[in-house]
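These are the residues of each chain, in order.
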Amino acid sequence: MAEVDLNPAKLADRRPLSPHLQIYKPMLTMIMSIVHRITGAALYVGTLLLAWWLIALSIDSAAFASATWFLSSIVGELILFGFTWALFHHLLGGVRHIIWDAGRGFEPKEREFLAMATLVGGVVLTVLVWIIAWARG
């Protein structure tokens, strides 16, 4: 039988070394993956704001007025704008991952196109929704 040496010092010597992040050249798909994770976390915060607004609506008119006042302020609208962008960006990133799960879009030009479409599409859809909301008053 073969001997197994579980000495931690010797195990560390046998492990392969991965390149550090400092030597990787940032690619658009890498950045979009990181942003996809960040927008996913931001959606939790936005969902908490939505829950706060709905709970305030169910409590009384004073609670609803204070929640609406905050969300109508400049800071509140900036947060809602960011939440809208995070929602669309995360949605389009999910569509990109579904395309990849289907085994498509792995060629370099296709990957770059899908990443750019996610980025541009999220911004365009966000601006479009806010223009429509602003036009309706």
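Residues numbered from 1 in each chain as written. Predicted model: local features only at pLDDT ≥ 70, side-chain atom pairs only at ≥ 80, totals over all residues. Heavy atoms only, no water.

The secondary structure content of the chain amounts to five helices and zero strands. Walking the chain from its N terminus toward its C terminus, one meets helices and strands in the order α-α-α-α-α. Burial status across the chain gives 20% buried among its 137 residues. Considering only contacts within the chain whose residues lie at least 6 apart along the sequence, 66% involve residues at least 24 apart. Just so you have it, the chain exposes about 10500 Å², and 72% of that area is on carbon and sulfur atoms. (Helix = DSSP H or I, 4+ residues; strand = E, 2+ residues; numbered from the N terminus. Buried < 20%, exposed > 50% of the residue type's maximum accessible area, 1.4 Å probe, protein only. Contact = heavy atoms within 4.5 Å. Areas by Shrake-Rupley, 256 points an atom, 1.4 Å probe, with all protein chains shown as cover.)

A cluster of nonpolar side chains, namely Phe-81, Val-123, Val-127 and Ile-131, defines an oily patch on the protein surface of about 310 Å² accessible area. The biggest single contributor to the nonpolar patch is helix 5 (residues 108-136), with three residues. Take Val-123: it is sitting in helix 5. (Patch = residues over 30% accessible without salt bridge, like charges linked within 9 Å, V, L, I, M, F, W, Y side chains within 5 Å. Salt bridge = Lys/Arg side-chain N within 4 Å of Asp/Glu carboxyl O.)

All right, on to the packing of helix 2 (residues 28-59) against helix 5 then. Helix packing for two helices is described by the angle between their axes and how far apart those axes are. Two elements in contact, helix 2 and helix 5, have axes whose closest approach is 9 Å; the angle formed by their N-to-C orientations is 40 degrees. If you check the angle between helix 2 and helix 5, you find them oblique. Between helix 2 and helix 5 lies a crossing of left-handed hand. Counted together, Leu-28, Thr-29 and Met-32 of helix 2 and Arg-111, Glu-112, Ala-115, Met-116, Thr-118 and Leu-119 of helix 5 form the full contact between these two elements. (Axes fitted to C-alpha atoms, helices over the stretch in contact; angles between N-to-C directions. Parallel < 35°, antiparallel > 145°, perpendicular 65-115°, else oblique. Left-handed = near helix turned anticlockwise from the far one by under 90°.)

Here the focus is the side chain of Thr-118. Checked against the element boundaries, Thr-118 lands in helix 5. Of the residues examined, Thr-118 reaches a relative accessible area of 3% and is grouped as buried. Only 3.5 Å separates the side chain of Thr-118 from the side chain of Arg-96, close enough to count as a polar contact. Here Leu-114 takes part through its backbone oxygen, which lies 2.8 Å from a polar atom of the side chain of Thr-118. (Polar contact = N/O pair within 3.5 Å; in protein donor to acceptor, adjacent residues only side chain to side chain.)

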